[in-house]
Amino acid sequence: MAYSDKVLDHYENPRNVGAFGKDESGVGTGMVGAPACGDVMKLQIKVNGQGVIEDAKFKTYGCGSAIASSSLVTEWVKGKSLDEALEIKNTAIAEELALPPVKIHCSILAEDAIKAAVADYRKHQETKGE
Amino acid sequence: MDLQQDYFALFGLPQTFDIDREQLEQAYRDCQAQVHPDRHAHRNDAEKRVSMQWATHVNEAYRTLRKPLLRARYLLSLRGVDAGIETNTAMAPAFLMEQMEWREGVEEAREGGDVSDLEHMRQRLDLHERELRQALSGQLGDTAADGEAAADTVRRLMFIEKLQIEIDDALEALED
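If you check an unreviewed UniProt entry, chain B appears there as Co-chaperone protein HscB homolog from Denitromonas iodatirespirans. Among the UniProt annotations of chain B, the heading Subunit (unreviewed entry) holds the following wording: "Interacts with HscA and stimulates its ATPase activity."

Looking at an unreviewed UniProt entry, one finds chain A named Iron-sulfur cluster assembly scaffold protein IscU, with Denitromonas iodatirespirans as its source organism. Reading the Sequence similarities (unreviewed entry) entry of the UniProt record for chain A gives the comment "Belongs to the NifU family." Here chain A is described in UniProt, under the heading Function (unreviewed entry), as follows: "A scaffold on which IscS assembles Fe-S clusters. It is likely that Fe-S cluster coordination is flexible as the role of this complex is to build and then hand off Fe-S clusters."

Here is the structure:
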């Protein structure tokens, strides 16, 4: 199957690969997996005092489309508020990367990873506030 | 024979995850002998088409029931449980973390050319796979069955299978 140029670009030069230090504050971590293909994705967001995502990192084990989807969303979430980040839809990811129908689940994985990271961040904030 | 019959009924097996392998093999051979297209060589085209359809059905049934993971997925579909293979991305975080570590380990061993490490991982995975299959025996038995728990186990097994393929690929690449 031929990958689109955008997928290849993100695959060959993935943005924001890695992880934040364990002690860093304001970090939310989302872990998701796709049973159908065994892909695993870890997406982290770093949120500043104003509730804006100032940085994001990812690590993905999967096909080119899964890596490209997660790389793309780390770029997209930066500068967004949590609610804005939650509005990112898999259809937009799939469209941007021109994913074929069989690879749509990769974009779903990336959308779910954002949701999981935001949920994780909010959970930590609640426990801190108590 | 009836094309609407499920695969278990076709082979006269109880609708459970644990099946008697020999009974399956025997039932498959019996069915095959009945539907083999050569047996119907003297018939007309319509009849041949029907027997062809049957042969395909029997083969598909056998392939599905023979493989534990396919059998489990088929059972779930018969019981009306969606295994969420395409849609459920929210596995237990600890499990996903473990998957991440496994994948990292395989990647490192592959890059380092560490065959014994890969073989060791494969053995541990095989053990893990056996444990999960044992869990399915209960979750997809005829009493105290638990479809949702079985669906979770099936999803875990799909990740394990993917890892096994990754390891085998790495081992094969290192052999060359």
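Next, the rest of the story.
**Q** Would you mind going over the interface of chain B and chain A with me for this structure?
**A** Contacts between the two partners involve 17 residues from chain B, matched on the other side by 19 residues from chain A. Each partner contributes to the roughly 1,600 Å² buried at the junction of chain B and chain A, and carbon and sulfur atoms together form 68% of this total. It is B:Thr89, B:Met100 and B:Arg103 that lose the most area in chain B upon contact with chain A, and together they represent 39% of the buried surface on that side. Between the two partners, chain B and chain A, sit one salt bridge. Across the pair B:Glu104 and A:Lys59 runs a salt bridge, and its minimum N-O distance is 3.7 Å.

**Q** Looking at this structure, I do not really get the environment of B:Leu70. What am I missing?
**A** Within the secondary structure layout, B:Leu70 lies in helix H4 (residues 68-78). Each C-alpha atom, one on B:Leu70 and one on B:Val154, is 9.2 Å from the other, the two residues being 84 residues apart in sequence.

**Q** Sorry, what's going on with the pairing of strand S1 (residues 27-34) of chain A here?
**A** Sheet faces and side chains relate simply in a regular strand, where the side chains alternate between the two faces. Within S1(A), seven of the eight residues are buried, leaving the element largely enclosed by the surrounding structure. Joining the antiparallel neighbours S1(A) and strand S2 (residues 39-47) of chain A is a turn of four residues, in which A:Gly38 adopts a positive phi near 75°.

**Q** What should I look at first to understand the packing of aromatic side chains in this one?
**A** We describe a pair of aromatic rings using the distance from one ring centre to the other and the angle between the two ring planes. All names here are of chain B. Per the stated rule, a full pass over the model turns up five aromatic pairs over all chains. Between the aromatic rings of Phe11 and Tyr28, the centroid separation amounts to 6.4 Å while the plane-to-plane angle is 90°, which identifies the pairing as edge-to-face. Pair noted here: Phe11 is in the loop between helix H1 (7-10) and helix H2 (21-35) and Tyr28 is in helix H2, with a separation of 17 residues, a long-range link. As far as burial versus exposure is concerned, Phe11 and Tyr28 are alike and both buried. Geometrically, the ring pair formed by Phe95 and Phe159 is edge-to-face, given 5.6 Å between the ring centres and 75° between the ring planes. Placement of Phe95 in helix H5 (residues 93-112) and of Phe159 in helix H7 (residues 147-175) is noted, with a sequence separation of 64 residues between them. One exposure class covers both Phe95 and Phe159, and it is buried. Ring pairing ties together the aromatic residues Tyr7, Phe8 and Tyr74, which thus form one cluster. Here Arg71 stacks its cationic end above the ring of Phe17, 4.8 Å away from the centre of that ring.

**Q** What am I meant to see in the layout of surface pockets here?
**A** Empty space among the atoms becomes visible once a probe the size of a water molecule is rolled across them. Volume-wise, the largest pocket comes out at about 580 Å³. In terms of lining residues, the largest pocket is bounded by 21 residues, among which A:Thr29, A:Gly30, A:Met31, A:Asp120 and B:Met97 are the most central. For the lining of the largest pocket, the secondary structure elements donating two or more residues are S1, S2 and helix H5 (104-129) of chain A together with H5 of chain B. Across the lining of the largest pocket, the residue classes tally to 11 nonpolar, five polar and five charged. Estimated volume of the second largest pocket: approximately 430 Å³. A:Thr60, A:Tyr61, A:Gly62, A:Ile67 and B:Glu107 are the residues nearest the centre of the second largest pocket, which is lined by 17 residues in total. Of all the secondary structure elements, the ones that give two or more residues to the lining of the second largest pocket are strand S3 (53-61) of chain A together with H5 and H7 of chain B.

Calculation notes
- Residues numbered from 1 in each chain as written.
- Chains lettered and ligands numbered in written order.
- Predicted model: local features only at pLDDT ≥ 70, side-chain atom pairs only at ≥ 80, totals over all residues.
- Heavy atoms only, no water.
- UniProt positions renumbered as here; feature names shortened; annotations may be inferred.
- Contact = heavy atoms within 4.5 Å.
- Buried area = accessible area lost by both parts, 1.4 Å probe.
- Salt bridge = Lys/Arg side-chain N within 4 Å of Asp/Glu carboxyl O.
- Helix = DSSP H or I, 4+ residues; strand = E, 2+ residues; numbered from the N terminus.
- Buried < 20%, exposed > 50% of the residue type's maximum accessible area, 1.4 Å probe, protein only.
- Pairing = 2+ DSSP bridges.
- Phe/Tyr/Trp six-rings, centres within 6.5 Å; stacked < 30°, edge-to-face > 60°.
- Lys NZ or Arg CZ within 6 Å of the ring centre and 35° of its normal.
- 1 Å grid on protein atoms, 1.4 Å probe; cavity = no way out; pocket = protein on both sides within 12 Å on 5 of 7 lines; lining within 4 Å.
- Points joined across faces, edges and corners; volume = space filled by probe spheres on them.
- Nonpolar A, V, L, I, M, F, W, Y, C, P; charged D, E, K, R; others polar.

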